[in-house]
Amino acid sequence: MSLVPSFLDLLQPLSCAMTTPTFNSFLTLLAGWVFARRHTVTGMILAAEAVGDKHHSAYHRLFAAARWSLDELGLAVLSLILPLIDAKTVLVAMDDTLARKRGLKVFGVGMHHDPLLSTRKTAITNWGHCWVVLGVILKLPFCGERWFCLPILFRLYVPRKTAETKALPYRTKPQLAVQMLQLLCGRFENRRFHAVGDSTYGGKGVLLNLPRNCGLTSRLAMAARLYDAPPPRRPRRKGGRPRKRGRRLPTPQQMLAGRCRHLTLKIYGRKDKSRVAERVARCYAAPDRPLKIVAVEPLTGGRKRQGFFCTCPEDTAEAVLTRYAARWSLEVTNHDAKGQLGFEEPQGWTKHAVLRTAPTAMLLYSLVVLWFSREGHRHYQPPTRPWYIGKTDASFADMLATLRCQSIRSEVLSMHLHGRGSRNVIKRLIHVVKQAA
């Protein structure tokens, strides 16, 4: 079983990150990943009908022992994404997601907060891996105003207790995010990037360590201390250091107590009406950097008051809020990668196997969306669902089903079937594949 030739052509630039035998094994496992019912290495070998082509340990060694870099592979995927971005600034999102695991000997496992089981009153933890993910946010021409986030770089967060027990270096989630931003911005020094993250990635650990060609948009505490620019030092004044901060400004909470303007934005798939107050200020941790501060009181949707900041002080409140809302596309990516590509299912337990196998599912997500934007949308046939007339765009499940159908179609056509029933055979096979997907 192999994938459609147009998808294999898309993968050819990635061959620079591996040797030829390793890349051939990689293509086989990707084909198995697309068709596998259970996304383990042996499940992929069975789905790709590769039993007997090589010893099964060769495919296990692809993740556990082969010499290739996941970062280089992710940056090669980024080179396929950049031609689709017309804007001068590349928007990237960073977030962390939990992959539940079992077993005490799996590398890097620990207890992590489980957002799906937790409530506002009760925090629940679960055993598994916590991945910090960085992806590129963009709009595709065939999906209207919908944002997509295509993952490219990954870091495994190891809890402090596990790091101390296993003698591993400990780094916080913001530190891991800064590592990926520095790698990304250092490799593409001539491009401008802008990162978007929730409050975990909006603290001074990220703000003070941003690369020079990268901006940041994140959440801000409603009681955050804000300051004006420091006054100029008086001439001929002796003694003392110059002031770092100017006069104290109102907090985001106090900004909403004053006069605000009403704003209607189409974000999160709906129209949101809000009261908005904005100003340029400096936070306590970074007094030398002017920030755009936006305080929002939603009038619809039932959400509480929120504060945001952006390192581009010339941006409007609309731009800041729209940019932050695009971050939700990374949450959708995490959901689809777990539900459709089995991000949590690989069972490797050694260090290299853990650090490579699960992120490959995220990279495959990016490759499927890229293939659909290039070729797959021409073959997409929306399913007939009279009870679901509101759906207009293809979901990731539709993209993956289209890739499977086109691959099956290519395989069947290569058999050179003849006769009056050959078209019905192809039609029935594609229908079965769609239902299985």
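See above for the structure.
Because the structure is predicted, anything quoted here is derived from the model rather than measured. (Residues numbered from 1 in each chain as written. Predicted model: local features only at pLDDT ≥ 70, side-chain atom pairs only at ≥ 80, totals over all residues. Heavy atoms only, no water.)

Considerations on the overall build of the protein
When helices and strands are tallied, the protein shows 14 helices and twelve strands. Over its C-alpha atoms the protein spans a radius of gyration of 25 Å, differing by no more than 12% from the 22 Å that the globule rule assigns to 437 residues. Seen through its principal axes, the protein has C-alpha atoms that stretch 95 × 55 × 45 Å. Here the protein, with 437 residues, has 49% of them falling under the buried criterion. Counting only carbon and sulfur atoms, one obtains 52% of the accessible surface of the protein, whose full area is about 23,000 Å². On the protein, the mean spot of the 68 positive side-chain charges and the mean spot of the 29 negative ones are 7 Å from each other. (Helix = DSSP H or I, 4+ residues; strand = E, 2+ residues; numbered from the N terminus. Rg over C-alpha atoms; globule rule 2.2 N^0.38 Å. Buried < 20%, exposed > 50% of the residue type's maximum accessible area, 1.4 Å probe, protein only. Areas by Shrake-Rupley, 256 points an atom, 1.4 Å probe, with all protein chains shown as cover. Lys, Arg positive; Asp, Glu negative; His and termini not counted. Charge placed at Lys NZ, Arg CZ, Asp CG, Glu CD.)

As for the nonpolar core
If you look at the biggest cluster of nonpolar residues, it comprises 136 residues, and the most contacted ones within it are F7, I81 and L184. Among the elements that make up this core, the one with the highest residue count is helix α12 (residues 351–374) (13 residues). Beyond its immediate chain neighbours, meaning those up to four positions away, I81 contacts V136, L138, L150, I152 and L370. (Core = buried A, V, L, I, M, F, W, Y, C linked by side-chain atoms within 4.5 Å. Contact = heavy atoms within 4.5 Å.)

Overview of empty space enclosed by the protein
Under the defined criterion, the tally for this structure stands at one cavity of 30 Å³ or more. Of the volumes computed, that of the largest cavity is approximately 60 Å³. Taken together, K101, H129, W131, P346, G348, A353, V354, T357 and A358 make up the full set of residues lining the largest cavity. Within the residue set of the lining of the largest cavity, elements represented by two or more residues are β3 (125–139) and α12. Element by element, the count of residues in the lining of the largest cavity is highest for α12, at four residues. Within the lining of the largest cavity, the residues separate by chemical class into five nonpolar, three polar and one charged. (1 Å grid on protein atoms, 1.4 Å probe; cavity = no way out; pocket = protein on both sides within 12 Å on 5 of 7 lines; lining within 4 Å. Points joined across faces, edges and corners; volume = space filled by probe spheres on them. Nonpolar A, V, L, I, M, F, W, Y, C, P; charged D, E, K, R; others polar.)

Digging into the packing of aromatic side chains
Using the criterion set out here, one finds eight aromatic pairs in the structure. Ring geometry for F7 and W371: centres 6.5 Å apart, planes at 70 degrees, overall edge-to-face. Taken together, the residues F7 in helix α1 (residues 5–11) and W371 in helix α12 connect sequence positions 364 residues apart. Each member of the pair, F7 as well as W371, is classed as buried. Seen in terms of ring centroids, F372 and Y380 are 5.8 Å apart; in terms of plane orientation they differ by 70 degrees. Their pairing is edge-to-face. The class of F372 is buried, set by a relative accessible area of 1%. Three or more aromatic residues link up through ring pairs in this structure, and these residues are F23, F26 and W68. The lysine or arginine in question, R356, covers the ring of W68, its NZ or CZ lying 4.7 Å from the ring centre. (Phe/Tyr/Trp six-rings, centres within 6.5 Å; stacked < 30°, edge-to-face > 60°. Lys NZ or Arg CZ within 6 Å of the ring centre and 35° of its normal.)

Quick notes on the pairing of strand β11 (residues 291–298)
Within a regular beta strand, the side chains point alternately toward one face of the sheet and then the other, so they alternate between its two faces. Among the eight residues that make up β11, eight are buried, leaving the element largely enclosed by the rest of the structure. Side chains L291, I293, A295 and E297 of β11 all project onto a buried face; the interleaved residues K292, V294, V296 and P298 project onto the opposite face, where all are buried too. With eight bridges connecting them, strand β10 (residues 270–283) and β11 associate as antiparallel partners. Note on β11: the bridge partner recorded for A277 is A295. Sheet topology note: the β11/strand β12 (residues 306–310) ladder contains five bridges and is antiparallel. Note that in β12 the partner of I293 across the bridge is F309. (Pairing = 2+ DSSP bridges.)

Notes on a nonpolar patch on the surface
Together, L116, L117 and I124 make up a nonpolar patch on the protein surface, roughly 300 Å² of accessible area in all. Its location among the elements puts I124 in the loop between β2 (110–113) and β3. On the basis of relative accessible area, I124 is assigned to the partly exposed category, the value being 31%. (Patch = residues over 30% accessible without salt bridge, like charges linked within 9 Å, V, L, I, M, F, W, Y side chains within 5 Å. Salt bridge = Lys/Arg side-chain N within 4 Å of Asp/Glu carboxyl O.)

Comments concerning the side chain of K101
Here K101 shows up in the loop between β1 (89–100) and β2. The buried charged residue K101 lacks any salt bridge, with E344 as its nearest oppositely charged partner at 7.8 Å. A polar contact of 2.6 Å, which involves the side chain of K101, links it to the backbone oxygen of P346. Sequence-distant contacts of K101, that is, excluding residues within four places in its chain, are made with V109, W127, G128, H129, E344, E345 and P346. (Polar contact = N/O pair within 3.5 Å; in protein donor to acceptor, adjacent residues only side chain to side chain.)

So, unusual backbone geometry
The phi dihedral of E49 falls on the positive side, at around 55 degrees, and the residue is not glycine. Considering the arrangement of structural elements, one finds E49 in the loop between α3 (41–47) and α4 (56–64). One non-glycine residue with positive phi stands out, namely A167, at about 55 degrees. Along the chain, A167 falls in the loop between α6 (160–165) and α7 (173–187).

Observations concerning the environment of L84
Topologically, L84 is positioned in the loop between α5 (70–81) and β1. In the structure, L84 is positioned 267 residues away from K351 in sequence and 34 Å away in space, judged by C-alpha atoms. Setting aside chain neighbours within four positions, we find L84 in contact with L138, L140, L370 and S373.

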